[in-house]
Amino acid sequence: MNLAAIYNTIGPAGCALVIVGCAGVYIAFRTYFYLALVWRNFQHGFLDLENTGESRCLRNNNSDNPLIAIVRDVVKTHSGHSQDIRAEVAYLFHRNFEQTTKSLCWLRLVAMISPLMGLLGTVLGMVRVFQAIADTATPDPAQLAAGIWEVLITTAMGLSVAIPMLIAYYFLLLKFKGFHIEAVEHSYRALELCQGAARQAHTAVPAVPAAPGASVVPGVPAVKRVVAGPSASCPVSPEPESA
C-alpha cells in the first residue's frame, strides 16, 4: 500500500493527525526520560544531604541538575535577602525547568486539538459523500463508502491520539508537581544543614585570652592601672630632724 493509497484512505485530516500524533509521542517520551534522569541524578547527588552533611552539598555546588541548582540558589538567596522560600522556589523552578514547562504545554495542545482534527476529518468526509451524491443522479456506492470510511477513520484516529496524549500529560504533570514539592522540602533541609554547620563552626573557634591591660568591652579604651608609691619624677625629700 503506497502513500497515495493511504492519503486517499485517511484524507488530509488523517495525515495531519499522524504527524501530530508522532510529535506528541516524541514530546511525551523525551519529557519522561528527562525527568527520570533529573530525579536519578538528584537521588545520587543530593537526596542523602541530611545524612552526609555539608561536604556533600559543597561537592554538588556546580551541578547542572535543575533540582540541585534550585536548592543551591534558594540557600544563597535566602541567606542574602529573601525571606519567602516558596516564592523563590516557584521562580527558580520556572526558570530551571522552562523547557519542560513548554513541552508539557505542547503535549496538552496535542491532546486538545486531536479530537478537533478528527472532527475536521469527519466534516470533510461528509462533504465528500454529499458531493458524490450531488454530482451523479445515481451515485456510485464505492464513492459513498470511501467518504463514510474517511469519516469513521479520522474520528477514530483523533480519539486514538487524544486519549493517550491526555493520559501522558497528566502523568507527567503530576510528576512535575512532585519535583516542585521535593525542591521546597530539600530547600528547607539545606538551609537547616547550612545554618547548623555555621553554628558549629562558630562555637568551635577557641576564645583568645585578652592581653594584660586590654579593654574587655569593644570600643572602650583600656585604663592603665597605676601602682601606689613614690613617683620617680618627683622624689620626696626626708624631713629634717629636730634638734
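Everything quoted here is computed from the prediction, not taken from an experiment. (Residues numbered from 1 in each chain as written. Predicted model: local features only at pLDDT ≥ 70, side-chain atom pairs only at ≥ 80, totals over all residues. Heavy atoms only, no water.)

**Quick word on the overall build of the chain**
Okay, step 1: Secondary structure summary: the chain contains seven helices and zero strands in total.
Okay, step 2: In sequence order, the secondary structure elements of the chain are arranged as α-α-α-α-α-α-α.
Okay, step 3: Every one of the 243 residues in the chain was classed for burial, and the buried ones make up 32%.
Okay, step 4: Excluding contacts between residues fewer than 6 apart, the proportion of contacts in the chain whose partners are at least 24 apart in sequence is 77%. (Helix = DSSP H or I, 4+ residues; strand = E, 2+ residues; numbered from the N terminus. Buried < 20%, exposed > 50% of the residue type's maximum accessible area, 1.4 Å probe, protein only. Contact = heavy atoms within 4.5 Å.)

**Concerning the packing of aromatic side chains**
Okay, step 1: Taken as a whole and assessed by the stated rule, the structure comprises 10 aromatic pairs.
Okay, step 2: Residues Phe29 and Phe33 carry aromatic rings whose centres are separated by 6.3 Å and whose planes lie at 25° to one another, so their mutual orientation is stacked. A residue pair is termed a helical-turn pair when its members lie 3 or 4 positions apart in one helix, as Phe29 and Phe33 do in helix 1 (residues 3-45) at four residues. Just as Phe29 is exposed, Phe33 falls in that class too.
Okay, step 3: Aromatic pair Tyr32 and Phe171: ring centres 6.1 Å apart, planes at 35°, arrangement tilted. With Tyr32 in helix 1 and Phe171 in helix 7 (residues 141-204), the pair connects residues that are 139 residues apart, well separated along the chain. (Phe/Tyr/Trp six-rings, centres within 6.5 Å; stacked < 30°, edge-to-face > 60°.)

**Some points on helix 6 (residues 98-135)**
Okay, step 1: Here helix 6 is 38 residues long and its end C-alpha atoms lie 54 Å apart, about the 56 Å a rise of 1.5 Å per residue gives.
Okay, step 2: Along helix 6, the helix axis deviates most sharply at Ile113, where the bend reaches about 30°; the proline Pro115 sits within four residues downstream. (Expected span 1.5 Å × (residues − 1). Bend = angle between axes of the 7 residues up to and from the residue.)

**Examining the pattern of salt bridges**
Okay, step 1: Under the defined criterion, the tally for this structure stands at two salt bridges.
Okay, step 2: The closest approach of N and O atoms between Glu98 and Lys102, which form a salt bridge, is 3.7 Å. Of this pair, Glu98 and Lys102 both sit in helix 6, four residues apart, which is roughly one turn of the helix.
Okay, step 3: Here Glu98 falls in the partly exposed class, since its relative accessible area comes to 38%.
Okay, step 4: The partly exposed category is assigned to Lys102, whose relative accessible area is 42%. (Salt bridge = Lys/Arg side-chain N within 4 Å of Asp/Glu carboxyl O.)

**Some thoughts on the nonpolar core**
Okay, step 1: With 37 residues, the main nonpolar core has Leu67, Ile70, Val89, Phe93, Phe97, Leu107 and Phe179 as its most contacted residues.
Okay, step 2: At the level of elements, helix 1, helix 4 (66-80), helix 5 (85-96), helix 6 and helix 7 are the ones that each hand at least two residues to this core.
Okay, step 3: In this view, Leu107 contacts Gly24, Ile27, Ala28, Met165, Ala168, Tyr169 and Leu172; residues no more than four positions away in its chain are not counted. (Core = buried A, V, L, I, M, F, W, Y, C linked by side-chain atoms within 4.5 Å.)

**Side note on the environment of Arg30**
Okay, step 1: Relative to the assigned elements, Arg30 resides in helix 1.
Okay, step 2: Placed 73 residues apart in sequence, Arg30 and Ser103 show a C-alpha to C-alpha distance of 8.9 Å.
Okay, step 3: When neighbours within four sequence positions are excluded, Arg30 is seen to be in contact with Gln99 and Ser103.

**Digging into the side chain of Thr100**
Okay, step 1: Relative to the helices and strands, Thr100 resides in helix 6.
Okay, step 2: Classification of Thr100 as buried rests on a relative accessible area of 4%.
Okay, step 3: Residues within four places of Thr100 in sequence aside, it is in contact with Thr31, Tyr34, Leu35 and Phe176.

**Quick notes on the side chain of Thr122**
Okay, step 1: Within the secondary structure, Thr122 sits in helix 6.
Okay, step 2: Not counting chain neighbours up to four residues away, the residues in contact with Thr122 comprise Val151, Thr154 and Thr155.

**Some points on the confidence of the model for the chain**
Okay, step 1: Across the chain, the average pLDDT comes to 74, with 68% of residues at 70 or higher.
Okay, step 2: Looking across the chain, the model is least confident in helix 3 (residues 54-59), with a mean pLDDT of 44, and most confident in helix 6, with 88.
Okay, step 3: Segment residues 54-60 is flagged for pLDDT under 50; beyond a separation of four residues in sequence, or across chains, it makes 10 contacts in the model.
Okay, step 4: Counting interchain partners and residues more than four positions distant, the pLDDT-below-50 stretch residues 222-243 has three contacts. (pLDDT = per-residue confidence, 0-100.)

**Quick word on a nonpolar patch on the surface**
Okay, step 1: Taken together, the side chains of Val25, Phe29, Tyr32, Phe33 and Phe171 present a nonpolar region at the surface, about 510 Å² in accessible area.
Okay, step 2: Mapped onto the elements of the fold, Val25 is located in helix 1. (Patch = residues over 30% accessible without salt bridge, like charges linked within 9 Å, V, L, I, M, F, W, Y side chains within 5 Å. Areas by Shrake-Rupley, 256 points an atom, 1.4 Å probe, with all protein chains shown as cover.)

**A look at the environment of Tyr32**
Okay, step 1: Residue Tyr32 is classed as partly exposed on the basis of its relative accessible area of 34%.
Okay, step 2: Residues within four places of Tyr32 in sequence aside, it is in contact with Phe171 and Leu172.

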